[in-house]
Amino acid sequence: MMTRDQFRFDLIMDAGNGAQKAGDILIKGFANQGLYVYIEPMIPAEISPPKRTKYSMSGVTIRVATGELTNIGSLSELMLVEQEILLDRRLDDEEYEPGGTVILDMGDQKRSPATYDQAMARARAAGLKVLPLSIPDEAQQTIRELNGNGKNMVYLGVFTAIFNITLTDMNAFVSQVFKKLPADKLAKNLTLVQSGYDLAQADFSELFLSIPANPDDREKILMDGNTALAMGIVDSGIKLYSGYPITPASSIMHTLAKSFPAYGGIVHQAEDEIAAIGTAIGSYFGGVPAITATSGPGLSLKQEFIGLAMVSEIPCIVIDVQRGGPSTGLPTRTEQSDLFAAAFGTHGDATKVVLSVSSVEDCFYAPHIARYLTEKLRVPVLILSDYLTSVSYKVFEKLNLNVMENISDILPEILERFYIEALPESIEMVKTNQSIPGEVGRLRRVTGLNTDIEGTVAYTSQTNQRAHQVRNEKLHHVRRALKTPEFFGPSEGDLLVVAWGSSRGVLKEAIDTCHREGVSVSGMHLKMVYPLPLMLKELFSRFKRVVTIETVYGDSLKHTPFSTLLRSETLLDVKAVLSNATGRPLKPSQVVNTIKELSHVHNN
């Protein structure tokens with residue numbers, strides 16, 4: 001049996017056959033062993049794509065390790081694939097480790113022997129070892145009795161054996177997940193897990209490996225990004241969520257629908273994206289903290305209301321779980337392409353705060369800092385997550401609860417997490433009358449028109465100039481409060497690589513790898529992406545070259561959004577050196593290779 005400190009592998013099946021369910025159960029087994037795990041689902045954008053087509057590829061990539069993980073890694077060393085067409089499709093992604101192994105289910109070989117031969121030949125030509133898997137006749141009969149379902153349980157049993165997870169533990173997790181199944185169907189699923197386990201013991205013992213867990217008594221949890229956002233909404237004291245279903249933000253609403261009422265919260269499913277943000281703004285106007293969430297297309301629809309919240313100085317929080325765009329784009333793929341839409345999307349001089357999350361843990365605390373900023377400044381605050389963060393489960397140490405009742409309750413460590421100091425106690429507003437409905441003797445006019453200090457509609461040059469000045473001074477308060485961003489490595493040198501949002505883990509792993517290999521480089525990561533820290537130009541000037549890495553398109557004639565923002569703020573020649581719009585996250589190996597190429601060019 002091999003011993004490894006980390007390992008990445010895939011389970012690939014036709015859509016609807018339960019690959020994600022098997023993956024979710026499997027990572028519970030890893031977590032129960034005290035291991036760290038990171039999982040990325042692969043979900044087709046189409047609804048019920050035809051099986052045995054490339055469009056039907058669905059599955060999970062899982063990275064498991066002895067120590068903490070911050071990203072999904074670079075390449076898979078093992079993949080278990082349901083049929084040959086899916087193998088051929090997955091090879092297109094080129095996310096396999098040469099010398100790795102493919103376990104291929106041969107169940108459909110008789111119906112298409114030629115395509116099986118072609119796919120296996122392609123895999124071998126790519127340096128992969130192909131091992132056939134044949135589900136036993138008895139298990140095949142059980143699958144037929146389950147109306148064709150259950151292959152995923154066989155594969156789960158295979159992985160249970162390969163990764164040295166006890167069958168007793170795995171059966172307990174299967175029983176927990178399928179607790180609503182009739183007893184006879186649950187028993188059949190458990191029989192299929194046993195069948196896969198026995199199959200692996202007989203045919204795949206050469207693949208067995210052990211990933212030792214470090215002794216650690218700290219309490220840990222297993223959670224994905226959208227669940228963490230939902231739980232953060234509860235803990236931050238927000239009392240109303242108004243949303244409209246859109247991938248990949250919908251599961252925030254699903255999670256809150258189950259748990260929010262128990263904490264005095266209300267979930268409102270609006271008739272469209274515009275109504276959703278209108279409800280959230282109206283709730284905050286009435287004195288009830290509220291939030292809405294969407295993805296790229298929905299963010300576009302919300303822009304006019306975001307502008308209204310800004311001008312009328314009503315707090316407004318919008319979560320944007322980014323996906324590939326433009327338009328419908330890639331609903332189930334990741335991208336960092338909404339930065340400009342978030343910072344500048346609203347018409348006119350849009351004074352907004354845009355913060356990003358770099359991990360599942362950040363997702364939990366993002367609603368706290370967003371509520372603090374929007375109520376303090378009375379400007380819209382946008383939280384940028386992305387598909388990868390939203391669906392990826394991660395094991396991490398149990399988080400501290402804040403249980404916020406009002407923004408004065410915010411924990412100092414939450415401000416520190418987002419590299420910002422507390423804002424001044426008194427912040428000037430455009431309108432001095434900031435009442436909510438029902439306050440005796442007070443009145444507030446809510447309008448998108450320009451007003452004077454009393455809230456009266458005014459079109460004079462002086463009042464308009466003052467309104468812009470006051471709103472921008474709110475952002476200047478944020479700029480002055482922002483601290484030095486997170487650094488990886490020395491604070492000066494030849495090369496600085498800058499990233500934002502979910503690219504943090506990839507950047508950190510790449511920088512650590514380069515340092516171990518003697519390559520001189522530093523990294524910087526920003527969570528607050530608009531406005532930016534005042535000292536940024538001075539920090540950049542300590543390096544001979546500053547570059548960015550982003551999961552968004554860019555080329556020699558088109559600067560990426562983040563690099564453009566940094567260039568405009570610092571007037572320095574910041575360029576993106578890795579800007580992929582593939583729908584897939586950046587790989588640590590890609591970043592390492594890019595850094596080495598840049599270092600080689602510089603040294604020569």
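Sequence order as written defines the numbering, with residues in each chain counted from 1. The predicted origin of the model limits local features to residues at a pLDDT of at least 70 and limits the giving and counting of side-chain atom pairs to 80 or more, whereas totals for whole chains, interfaces and linings rest on all residues. Think of the side-chain values as coming from all heavy atoms in the structure, minus any hydrogens and water.

J.: Can you break down the overall build of the chain residue by residue, with the values?
T.: Helix and strand definitions follow DSSP, with helices as H or I runs of at least four residues and strands as E runs of at least two, each counted in order from the N terminus. When helices and strands are counted, the chain shows 20 helices and 22 strands. Principal-axis analysis of the C-alpha atoms places the extent of the chain at approximately 80 × 65 × 45 Å. Residue exposure (1.4 Å probe, protein chains only): buried if accessible area is under 20% of the type maximum, exposed if over 50%, otherwise partly exposed. The burial tally for the chain puts 57% of its 604 residues in the buried class. The contacts of the chain with a sequence gap of at least 6 include a subset with a gap of at least 24, amounting to 77%. Summing over all exposed atoms, the chain offers an accessible surface of approximately 24,400 Å²; the carbon and sulfur share of this is 51%. In what follows, residue pairs with any heavy atoms lying within 4.5 Å of each other are defined as contacts. Note on areas: these come from Shrake-Rupley sampling with a 1.4 Å probe, and a residue is covered only by the protein chains present in the view.

J.: Could you give an account of the pattern of salt bridges, naming the residues involved and the relevant values?
T.: What makes a salt bridge here is a side-chain nitrogen of Lys or Arg within 4 Å of a carboxyl oxygen of Asp or Glu, nothing more. Taken as a whole, this structure holds 38 salt bridges when the rule is applied. Asp-88 is the salt-bridge partner of Lys-54, the closest N and O atoms lying 3.1 Å from each other. Taken as a pair, Lys-54 in the loop between strand S3 (36-42) and strand S4 (57-65) and Asp-88 in helix H2 (residues 84-92) lie far apart in primary sequence, 34 residues in all. Note on Lys-54: relative accessible area 36%, which makes it partly exposed. Given a relative accessible area of 22%, Asp-88 falls into the partly exposed group. One network of salt bridges, in which partners are shared, links Arg-8, Asp-10, Glu-40, Arg-89, Arg-90, Asp-93, Glu-95, Arg-584 and Lys-587.

J.: Report on a nonpolar patch on the surface, specifying residues and quantitative values.
T.: Here, patches come from residues exposed beyond 30% relative accessible area and free of salt bridges, joined within 9 Å for like charges and within 5 Å for nonpolar side chains (Val, Leu, Ile, Met, Phe, Trp, Tyr). The grouping of Leu-449, Val-457 and Tyr-459 at the surface amounts to a nonpolar patch, some 310 Å² of accessible area in total. Looking at the element boundaries, Val-457 is found in the loop between helix H15 (412-417) and helix H16 (461-481).

J.: Give me the lowdown on the packing of aromatic side chains, citing residues and values where you can.
T.: In this description, a pair of aromatic rings is defined by centroid distance and the angle of the planes. Side-chain rings of Phe, Tyr and Trp (the six-membered ring for Trp) are treated as a pair once their centres are within 6.5 Å; stacked means planes under 30 degrees apart, edge-to-face means over 60, and tilted covers the remaining angles. Under the criterion given, the structure shown has 12 aromatic pairs. Summarising the aromatic geometry, the rings of Phe-9 and Phe-30 are spaced 6.2 Å apart at their centres and angled 70 degrees between planes, so their arrangement reads as edge-to-face. Linking Phe-9 in strand S2 (residues 6-14) with Phe-30 in helix H1 (residues 19-32), this pair joins segments that are 21 residues apart in sequence. The exposure class of Phe-30 is buried, given its relative accessible area of 0%.

J.: Describe the side chain of Asn-189, naming the residues involved and giving the relevant values.
T.: Its location among the elements puts Asn-189 in helix H7 (residues 183-203). By relative accessible area, Asn-189 is classed as buried at 9%.

J.: Kindly report on the nonpolar core, identifying the contributing residues and their values.
T.: Buried Ala, Val, Leu, Ile, Met, Phe, Trp, Tyr and Cys residues that are joined via side-chain atoms within 4.5 Å together make up what is termed a nonpolar core. Within the largest apolar cluster, 84 residues are counted, with the highest numbers of intra-cluster contacts made by Ile-252, Ile-369, Leu-373 and Ile-420. Counting residues per element, this core draws most heavily on helix H13 (residues 360-377), at 10 residues. In this view, Ile-420 contacts Ile-369, Leu-373, Leu-415, Val-478, Ala-481, Leu-482, Lys-483 and Met-528; residues no more than four positions away in its chain are not counted.

J.: Tell me what's going on with the domain arrangement of the chain, and back it up with residues and numbers.
T.: Domain delimitation in this document rests on an assignment produced automatically or drawn from a domain database. Taken as a whole, the chain is organised into domain 1 (2-210), domain 2 (222-417) and domain 3 (486-603). Measuring from the centre of the C-alpha atoms in domain 2 to the corresponding centre in domain 3 gives 26 Å. With 25 residues of domain 2 at the interface, the matching set in domain 3 holds 23 residues. By buried area we mean how much accessible surface two parts lose on assembly, using a 1.4 Å probe and totalling the loss over both. Buried surface at the junction of domain 2 and domain 3, both sides included, amounts to about 2,100 Å², of which 63% is carbon and sulfur. One can count one salt bridge joining domain 2 with domain 3. A salt bridge links Lys-527 to Asp-362; its shortest N-O distance comes to 3.1 Å. Pairs of N or O atoms are called polar contacts if they sit within 3.5 Å, as long as, within protein, a hydrogen donor faces a hydrogen acceptor (for residues adjacent in sequence, only side-chain-to-side-chain pairs). The interface formed by domain 2 and domain 3 includes 12 residue pairs in polar contact (both at pLDDT 80 or more). For the side of domain 2 that touches domain 3, the elements supplying multiple residues, two or more each, are helix H12 (339-344), strand S14 (353-356), H13, strand S15 (380-386) and helix H14 (387-391). Classification used: nonpolar for Ala, Val, Leu, Ile, Met, Phe, Trp, Tyr, Cys and Pro, charged for Asp, Glu, Lys and Arg, polar for all others including Gly. Tallied by class, residues from the side of domain 2 that touches domain 3 come to 12 nonpolar, seven polar and six charged.

J.: Hey, could you go over H2 for me, with residue numbers and the actual values?
T.: For H2, the tally of buried residues reaches seven of nine residues, placing the bulk of the element in the interior. Glu-84, Ile-85, Leu-86, Leu-87, Arg-89, Arg-90 and Leu-91 are the residues of H2 that are buried. Against S2, S3, S4, strand S5 (76-81), strand S6 (96-105) and helix H3 (113-125) lie the buried residues of H2. The N-terminus of H2 is capped by Gln-83, whose side-chain oxygen sits 2.8 Å from the backbone nitrogen of Ile-85. Positioned one or two residues after H2, Glu-94 has a phi angle of 55 degrees, which is positive.

J.: Lay out the packing of helix H8 (residues 225-235) against H13 with the relevant residues and their values.
T.: Comment: axis = line fitted to C-alpha atoms, over the contacting stretch for helices; angle = value between 0 and 180 degrees taken between N-to-C directions. It is the contact of H8 with H13, at a shortest axis distance of 7 Å, that shows an interaxial angle of 30 degrees. Taken together, H8 and H13 sit at an angle that is classed as roughly parallel. As for how H8 packs across H13, the hand of that crossing is right-handed. The residues of H13 that touch H8, namely those facing Gly-225, Ala-228, Leu-229, Met-231, Gly-232, Ile-233 and Asp-235, are Val-360, Cys-363, Phe-364, Ala-366, Pro-367 and His-368. A per-class count over the contact of H8 with H13 returns nine nonpolar, three polar and one charged. By definition in this entry, angles of less than 35 degrees are roughly parallel, angles greater than 145 are roughly antiparallel, angles of 65 to 115 are roughly perpendicular, and the rest are oblique. The crossing is said to be left-handed when, going from far helix to near helix, the turn is anticlockwise and less than a right angle, and right-handed when the turn is clockwise.

J.: Residues and numbers for the environment of Ile-266, please.
T.: Examined against the element boundaries, Ile-266 turns out to sit in strand S11 (residues 266-269). Spatially, the C-alpha atoms of Ile-266 and Leu-256 are 8.5 Å apart, while their sequence positions differ by 10 residues. Beyond its immediate chain neighbours, meaning those up to four positions away, Ile-266 contacts Lys-239, Leu-240, Tyr-241 and Phe-260.

J.: Quick rundown of the environment of Lys-544? Include the residues and the values.
T.: With respect to the element layout, Lys-544 can be found in strand S21 (residues 543-550). Linking Lys-544 and Glu-473, residues 71 residues apart in sequence, is a C-alpha distance of 33 Å. A polar side-chain atom of Lys-544 sits 3.3 Å from a polar atom in the side chain of Asp-494.

J.: Tell me what's going on with the sheet that holds strand S9 (residues 220-224), and back it up with residues and numbers.
T.: Sheet architecture is open: eight strands sit in the order S7-S6-S5-S2-S4-S3-S16-S9, paired in mixed fashion. Edge positions in the open sheet fall to strand S7 (129-133) and S9, since each of these has one partner strand only. Geometrically, the sheet is characterised by an average inter-axis angle of 20 degrees between neighbouring strands, direction not taken into account. Any two strands are treated as partners once DSSP identifies two or more bridges connecting them. Pairing of S2 with S5 involves four bridges; the strand directions are parallel.

J.: Requested: an account of the pairing of S3, with residues and values cited.
T.: The element S3 is largely enclosed, with a buried count of seven among its seven residues. Here S3 shows no split at all, with Tyr-36, Tyr-38, Glu-40 and Met-42 on one side and Val-37, Ile-39 and Pro-41 on the other all buried. Examined bridge by bridge, S3 and S4 share seven bridges and lie antiparallel to one another. What sits directly across from Pro-41, in S4, is Val-60. In terms of strand pairing, S3 meets strand S16 (residues 393-397) through two bridges, oriented antiparallel.

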